[in-house]
Amino acid sequence: MFDIIIRSALDIVGRTERLIDAMRRLLQNDDLDEVQVYELDYEIERLGDVVFNVDEAVRSLARTVECWPQAALAHEIRRTLH
């Protein structure tokens, strides 16, 4: 279950990063007026911040999930020794 969540979230991060790149290319075409460029640039920055935070959260979740079997095993070993 966690594997599916992690893979899906990382896929969303990747797609969003590609969308941000496409939006930046659109900005470079000079087909937009000054207000549209500012608004689009602002949204790109906000979206970039969100993607960065989601990426960090998902990677943290992945590290946590990887440690769970080790923690469970260590807990069981201590339980059987006492």
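Residue positions are counted from 1 within each chain, in the order its sequence is given. In view of the model being predicted, local features appear only for residues whose pLDDT reaches at least 70, and side-chain atom pairs are presented and counted only at 80 or more, with totals across whole chains, interfaces and linings using the full set of residues. Excluding hydrogens and water, the side-chain figures rest on all heavy atoms present in the structure.

Peer 1: How would you summarise the overall build of the chain if you had to cite specific residues and measurements?
Peer 2: To qualify as a helix, a DSSP run of H or I must reach at least 4 residues; to qualify as a strand, a run of E must reach at least 2; elements of each kind are numbered from the N terminus. Across its full length, the chain holds two helices and zero strands. Exposure categories follow from relative accessible area, calculated using a 1.4 Å probe and restricted to protein chains: below 20% of the type maximum is buried, above 50% is exposed, and the middle band is partly exposed. Across the 82 residues of the chain, 18% fall into the buried class. The contacts of the chain with a sequence gap of at least 6 include a subset with a gap of at least 24, amounting to 67%. For the area figures, the Shrake-Rupley method with a 1.4 Å probe applies, and any residue is considered shielded solely by the protein chains shown. Surface exposure of the chain reaches about 6,800 Å², of which carbon and sulfur atoms provide 56%. Residue contacts are defined here by distance: any two heavy atoms, one from each residue, within 4.5 Å place the two residues in contact.

Peer 1: Which residues make up the nonpolar core, and what are the values?
Peer 2: Counting seven residues, the largest nonpolar core is built from Val13, Ile20, Met23, Leu27, Leu40, Ile44 and Val51. Looking at which element gives the most residues to this core, the answer is helix H1 (residues 2–28), with four residues. Those residues in contact with Val51 that sit more than four places away from it in its chain are Val13, Thr16, Glu17 and Ile20. To qualify as a nonpolar core, a set must consist of buried Ala, Val, Leu, Ile, Met, Phe, Trp, Tyr and Cys residues joined through side-chain atoms within 4.5 Å.

Peer 1: Hey, could you go over the pattern of salt bridges for me, with residue numbers and the actual values?
Peer 2: A side-chain nitrogen of Lys or Arg and a carboxyl oxygen of Asp or Glu constitute a salt bridge if their distance falls within 4 Å. Tallied over the entire structure, the rule returns four salt bridges. The partner of Glu45 in a salt bridge is Arg24, and the shortest N-O contact between them spans 3.9 Å. Note that Glu45 is positioned in helix H2 (residues 34–81) and Arg24 in helix H1, a separation of 21 residues in sequence. The partly exposed category is assigned to Arg24, whose relative accessible area is 39%. Where Arg46 meets Glu43, a salt bridge forms, and the shortest distance between an N and an O atom there is 3.6 Å. With Arg46 and Glu43 both in helix H2 and three residues apart, the pair spans about one turn of that helix.

Peer 1: Report on the environment of Leu61, specifying residues and quantitative values.
Peer 2: Mapped onto the elements of the fold, Leu61 is located in helix H2. With 55 residues separating them along the chain, Leu61 and Ile6 place their C-alpha atoms 7.6 Å apart. Apart from residues no more than four positions distant in its own chain, Leu61 is found in contact with Phe2, Ile5 and Ile6.

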